[in-house]
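Read off the chains here:
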Amino acid sequence: MKPCPFCARIAAGDVVAENDLAAAFPDGFPVSPGHTLIVPKRHEADFFALSVEEQEAIHVLTRIEKERLAGEYGPSAFNVGVNVGADAGQTVGHAHMHLIPRYPGDVEDPRGGIRWIIPDKAVYWQGD
Ligand code: 5GP
Ligand code: ZN
C-alpha cells in the first residue's frame, strides 16, 4: 500500500499550524495561491468517522488559517469543503478540509462555486 503523504508530512513536522488533533499545510497542487489543507493527525479517510473533537480541531485550525491567508495573500473570498468518498471526488485517503482562497477574476464567472461538482446542474440562475 502506498504510504500516506499526509501522515508523512505530519510525522516530519512539515506543517504551518497545528493543535492537539489537527494540522494544516499547503496543498501540493494548489488550485489557487494559498490553497491549504487541514487534516486530522490520526489517519482516517472518512471525515464523518472523525470524532467531534477532531472535527472541532479541524474547524478551529480552518479559522486560524483563514486569517493567515487573508493577511498573506489578500483574497477576496474563500471556498471551504471536504470530499468524502471516491464518488465525491476524494483522491487522498486521509480526511482533509480544503481551504481555497479566491481572487477577483480568477475564473470568468464564479457563481455557483462548489455547485460545479455537478457541472450540468451548477447553473440555476439562467436568465438572471
Ligand atoms: P481530494 O481530491 O482527496 O479532496 O484532495 C486531495 C488533495 O491533496 C489535492 O488537492 C491534491 O493537490 C493534494 N495532494 C495530493 N498529494 C499531495 C501531497 O503529497 N502533498 C500535499 N501537500 N498535497 C497533496
Ligand atoms: Zn494518513
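Look up a bit, the structure's there.
Residues numbered from 1 in each chain as written. Chains lettered and ligands numbered in written order. Predicted model: local features only at pLDDT ≥ 70, side-chain atom pairs only at ≥ 80, totals over all residues. Heavy atoms only, no water.

(A) The arrangement of the site of ligand 1 in detail. Neighbouring ligand 1 are 16 residues; Asp 27, Asn 83, Thr 91, His 96 and His 98 lie closest to it. At a separation of 2.5 Å, an oxygen atom of ligand 1 approaches a polar side-chain atom of Asp 27. One of the side-chain nitrogen or oxygen atoms of His 96 is found 2.9 Å away from an oxygen atom of ligand 1. When isolated, ligand 1 has an accessible area of 520 Å², and the protein chains bury 80% of it. (Near = heavy atom within 4 Å. Polar contact = N/O pair within 3.5 Å; in protein donor to acceptor, adjacent residues only side chain to side chain. Areas by Shrake-Rupley, 256 points an atom, 1.4 Å probe, with all protein chains shown as cover.)

(B) Summary view of the coordination of the zinc ion (ligand 2). Looking at the zinc ion (ligand 2), the protein donor atoms are Cys 4 (SG), Cys 7 (SG), His 43 (ND1) and His 94 (ND1), and they sit 2.0 to 2.3 Å from it. For the zinc ion (ligand 2), the four donor atoms in the first shell make angles of 105 to 120° at the metal, so the coordination geometry reads as tetrahedral. Counting the intervening residues between successive donors of the zinc ion (ligand 2) yields the motif C-x2-C-x35-H-x50-H. In this pair, Cys 4 is assigned in the segment before helix H1 (5–11) and His 94 in the loop between strand S4 (77–81) and strand S5 (97–102), connecting sequence segments 90 residues apart. As far as the burial class goes, Cys 4 and His 94 line up, both buried. (Donors = N, O, S within 2.8 Å, 3.2 Å for Na, K, Ca; no water. Tetrahedral: all angles 85-135°; square planar, octahedral: opposite > 155°, others 65-115°. Helix = DSSP H or I, 4+ residues; strand = E, 2+ residues; numbered from the N terminus. Buried < 20%, exposed > 50% of the residue type's maximum accessible area, 1.4 Å probe, protein only.)

(C) Representation of the nonpolar core within the structure. Ranked by size, the top nonpolar core spans 13 residues in total, and within it Ile 38, Phe 47, Ile 58 and Leu 61 carry the most contacts. Mapped onto this core, the elements with two or more residues apiece are strand S2 (22–26), helix H2 (52–73) and S5. Here this core takes four residues from H2, the largest share from any one element. For Phe 47, the residues in contact, after removing those within four places along its chain, are Gln 55, Ile 58, His 59, Val 82, Val 84, Ala 95 and Met 97. (Core = buried A, V, L, I, M, F, W, Y, C linked by side-chain atoms within 4.5 Å. Contact = heavy atoms within 4.5 Å.)

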